[in-house]
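# Chains, contacts and geometry: an overview
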Amino acid sequence: MVGLLYALMISEGSDAPPSKALPSLPPGISMVNEGTSCGSGGCWRAATVTSEDGLSRPEIIRELGLQQESCRSSGWLLDWRDVCVGARDNGENVTIYASWGY
């Protein structure tokens, strides 16, 4: 048990949330690409999404219900981190992301 807790502590920030942490996409919105990145604040998973129905970037974000970042429990008993999910309008596309919150 102590070994497991130690492994969790040393891996803090070194891994991105799993793909399932990204929000489900409604019909008409599709994922173009997905990947992970890391920086000084930890790691995150991000995906570029587009509208097959011609929605604007703000409309895509509204359709996804991601006008504001939201955080929830990771769902694993020994993992104290939250998963935070949100979206960004990058001027050319919409990126959805999932990152660890502490």
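This report concerns the structure included in the present document. Keep in mind that what you see is a predicted model, and the values were worked out from it rather than measured.

In this structure, the largest pocket spans a volume of roughly 200 Å³. Along the walls of the largest pocket sit 13 residues, with P18, K20, S74, V83 and W100 positioned nearest its centre.

What follows concerns the pairing of strand β1 (residues 29–39). Two elements, β1 and strand β2 (residues 42–51), share 10 bridges in a ladder whose sense is antiparallel. Residue pairing across strands places I29 opposite S51, the latter belonging to β2. Between β1 and β2, which pair antiparallel and follow one another directly, the connecting turn spans two residues.

Turning to the pattern of salt bridges, a few remarks are in order. According to the stated counting rule, one finds three salt bridges in the structure shown. Measuring nitrogen to oxygen at the nearest pair gives 3.1 Å for the salt bridge that ties D15 to R81. In this pair, D15 sits in the loop between α1 (2–10) and β1 while R81 sits in the loop between β3 (70–73) and β4 (82–89), placing the two residues 66 residues apart along the sequence. With relative accessibility at 29%, the residue D15 sits in the partly exposed group.

Among the nonpolar cores identified, the biggest contains 16 residues, and V49, L64 and I96 are the most heavily contacted of them. When contributions to this core are tallied by element, the ones reaching two or more residues are β2, α2 (57–64), β4 and β5 (94–101). No other element matches the four residues that β5 contributes to this core. Setting aside residues no more than four positions away along its own chain, I96 makes contact with L22, P23, L25, R45, A46, A47, V49, L64, L66, G86 and A87.

The sheet built from five strands is open, its strands ordered β1-β2-β5-β4-β3 with antiparallel pairing. With partners counted over all chains shown, the strands left at the sheet margins are β1 and β3, one partner each. Averaged over all neighbouring strand pairs, the angle between strand axes comes to 20 degrees, with direction disregarded.

About the cut-offs
- Residues numbered from 1 in each chain as written.
- Predicted model: local features only at pLDDT ≥ 70, side-chain atom pairs only at ≥ 80, totals over all residues.
- Heavy atoms only, no water.
- 1 Å grid on protein atoms, 1.4 Å probe; cavity = no way out; pocket = protein on both sides within 12 Å on 5 of 7 lines; lining within 4 Å.
- Points joined across faces, edges and corners; volume = space filled by probe spheres on them.
- Pairing = 2+ DSSP bridges.
- Helix = DSSP H or I, 4+ residues; strand = E, 2+ residues; numbered from the N terminus.
- Salt bridge = Lys/Arg side-chain N within 4 Å of Asp/Glu carboxyl O.
- Buried < 20%, exposed > 50% of the residue type's maximum accessible area, 1.4 Å probe, protein only.
- Core = buried A, V, L, I, M, F, W, Y, C linked by side-chain atoms within 4.5 Å.
- Contact = heavy atoms within 4.5 Å.
- Axes fitted to C-alpha atoms, helices over the stretch in contact; angles between N-to-C directions.

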